[in-house]
Amino acid sequence: MDFSRVQLDDDDQKFLDEVRRFLQEIVTEEVLARDRETGDNFDEGVHLAIGAAGYWEREWKADSERAFTRVQRRIWELEKRRAHVPWVTAGTTAMISRSVEKFGTPELKDEVLPRVYSGHVRLCLGYTEPEGGSDVATCKTRAVREADGSSWIINGSKMFTTGAHNCQYVFLITNTDPAAPKHQSLTMFLVPLDAPGIEIQGIRTVDGDRTNIVYYSDVRVDDRYRLGEVNGGWAVVREPLNVEHGAVDAAVDGLQDVSIMMHQAGFMAAAVDRAAARSAVRDPNGRKLIDDGSVAYRLGRSVARMEAALSAPSIFGRVALAQAMRDISPDLMDILGTASALPIGADGAADDGAAEYVYRFAPLVGIYGGTLEVFRNMIAQYALGLGKPNYSPPVANKAG
Ligand SMILES: Cc1cc2nc3c(=O)[nH]c(=O)nc-3n(C[C@H](O)[C@H](O)[C@H](O)COP(=O)(O)OP(=O)(O)OC[C@H]3O[C@@H](n4cnc5c(N)ncnc54)[C@H](O)[C@@H]3O)c2cc1C
């Protein structure tokens, strides 16, 4: 891993200036306020503007003549984050478009991918079901092939299909052979969300995000929307799952995040910065919060925890970041006092709601894309070699 600072040449500096200007123009205060209100983490105007300027194609289409260089890609990612470009639906679209490219028929790719790059088509993840999402392979949503083989009938429901109401297709895990072992029973589809029989219902999470429950009632899907082999869905879904879990190799040139969830961690860094700045402000009696030893201790501990989490790589980082967000945010709110309980935009909020937002956001960051408990088990099993977890009840000690 190369930790040296990247020196931008003239072309890269020009690219950075151009991208920063472009994003500043399209991601306005109005866009950000609307996004907070809808909880969508998506703005169609911004998404289409990025598509029209060719940036989605440059980011997502690996064989595009205009594909970003490694340095441009890094600049683009950091500038999107700096400008607070809504990221959730863009992220799922990017991830699934790679699976369409790899497993879709030429006909399906022609239908979907050019419009993905223009921004007109967005894609969401349909994995989790009401009865449980950690083990996605235990899927109950059924797809049954019609007698003539040309289409499928899908029945079931999916929880937490984030962005479905802003997307045109859902990357859906279905069960096509309930009698088979679970990893040999799955088939993946890219289901058009305007198909009759699909109903999308909104759900708001504690941090204000919008996600959905989606019902599938006798939804007829043409076989050309199938991705990969019948009952071979695990091979299709494993790759995007690994990306979502952050279980992918680090880039040797260092031009990528140390771990996933860095975007989310940015909110923690902003809250820590604001608490530190606020602690150094003198009150009318000339006193500063930081002069109190317990404030200095708790602020210092928060900074240390955050820095350690920001430096942890791969799936370790994914756990460390979400856990640090959970641990730090109550400390920051304690330091800042009751006015820190006011949310962003409220008059009199101690830090414009930064720590309060992290406090509500942190639990979700430790759930979506896999819970902290599941990740800790993965680390124990695969990284530390401690074997499979044993969930059976403890055996009574007869001797005792
Ligand atoms: C805001 C948000 C957005 C989401 N977006 C999407 C999306 O777009 N698409 C999608 O498909 N899903 C999405 N999800 C679902 C998310 O991936 C699941 O919530 C997550 O995988 C956990 O599944 P579950 O909620 O069904 O919990 P369950 O799997 O039912 O788990 C319940 C509890 O048991 C624990 N547990 C489960 N298995 C184990 C184990 N093996 N070892 C130890 N503990 C275990 C869990 O840690 C948890 O505490 C989203 C969730 C949230 C909160």
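Residues numbered from 1 in each chain as written. Predicted model: local features only at pLDDT ≥ 70, side-chain atom pairs only at ≥ 80, totals over all residues. Heavy atoms only, no water.

Let us now look at the side chain of Ser329. In this fold, Ser329 is placed in helix α11 (residues 314-336). On the basis of relative accessible area, Ser329 is assigned to the buried category, the value being 1%. Leave out the neighbours within four places in its chain, and Ser329 touches Ala355, Val358 and Tyr359. (Helix = DSSP H or I, 4+ residues; strand = E, 2+ residues; numbered from the N terminus. Buried < 20%, exposed > 50% of the residue type's maximum accessible area, 1.4 Å probe, protein only. Contact = heavy atoms within 4.5 Å.)

If you walk through the whole model with that rule in mind, you get two cavities of 30 Å³ or more. Considering the residues around the largest cavity, the lining is formed by Phe42, Asp43, Val46, His47, Ile50, Trp56, Val85, Pro86 and Ala90. Here the element with the most residues in the lining of the largest cavity is helix α3 (residues 44-52); it accounts for three residues. The volume enclosed by the second largest cavity comes to roughly 30 Å³. For the lining of the second largest cavity, the secondary structure elements donating two or more residues are α6 (88-103) and α8 (233-245). When residues of the lining of the second largest cavity are assigned to their parent elements, the largest contribution, four residues, is made by α6. Split by residue class, the lining of the second largest cavity holds three nonpolar, one polar and three charged. (1 Å grid on protein atoms, 1.4 Å probe; cavity = no way out; pocket = protein on both sides within 12 Å on 5 of 7 lines; lining within 4 Å. Points joined across faces, edges and corners; volume = space filled by probe spheres on them. Nonpolar A, V, L, I, M, F, W, Y, C, P; charged D, E, K, R; others polar.)

Counting buried positions along strand β4 (residues 169-175) gives seven out of seven residues, so the element sits mostly inside the fold. Residues Tyr169, Phe171, Ile173 and Asn175 line one face of β4 and the alternating positions Val170, Leu172 and Thr174 line the opposite face, and both faces are buried. Alignment of strand β1 (residues 123-126) against β4, held across four bridges, turns out to be parallel. Each residue of the ladder has a partner; that of Gly126, found in β4, is Leu172. Examined bridge by bridge, β4 and strand β5 (residues 186-192) share seven bridges and lie antiparallel to one another. (Pairing = 2+ DSSP bridges.)

Now for the UniProt feature "domain: Acyl-CoA dehydrogenase/oxidase C-terminal" (unreviewed entry) in the chain. Residues annotated in UniProt with the feature "domain: Acyl-CoA dehydrogenase/oxidase C-terminal" (unreviewed entry) correspond here to residues 258-381. Annotated as residues 258-381, this span is 66% helix and 0% strand, and its ends, taken at the C-alpha atoms, are 22 Å apart. (UniProt positions renumbered as here; feature names shortened; annotations may be inferred.)

We now examine the site of the ligand. Contacts to the ligand come from 18 residues, most closely from Gly133, Ser134, Phe160, Thr371 and Tyr391. Between the ligand and the protein, one listed contact pairs a nitrogen atom with a backbone N or O atom of Leu125 at 2.9 Å. Asn377 has a polar side-chain atom sitting 2.9 Å from a nitrogen atom of the ligand. Protein chains shield 70% of the accessible area of the ligand, which is 970 Å² for the free molecule. Among the elements that take part in the shell around the ligand, helix α13 (residues 372-383) stands out by supplying three residues, more than any other. In this structure, the shell around the ligand is formed jointly by two domains, domain 2 (123-231) and domain 3 (262-383), each of which donates at least three residues. (Near = heavy atom within 4 Å. Polar contact = N/O pair within 3.5 Å; in protein donor to acceptor, adjacent residues only side chain to side chain. Areas by Shrake-Rupley, 256 points an atom, 1.4 Å probe, with all protein chains shown as cover. Domains from an automatic or database assignment.)

Further remarks concern the pattern of salt bridges. Under the definition given, this model contains 24 salt bridges. For Asp43, the salt bridge is made with Arg34, and the minimal N-O distance between the two is 2.7 Å. Taking relative accessible area as the criterion, Arg34 reaches 38% and is therefore assigned partly exposed. Residues joined in a network through salt bridges with shared partners are Arg74, Glu77, Arg81 and Asp257. (Salt bridge = Lys/Arg side-chain N within 4 Å of Asp/Glu carboxyl O.)

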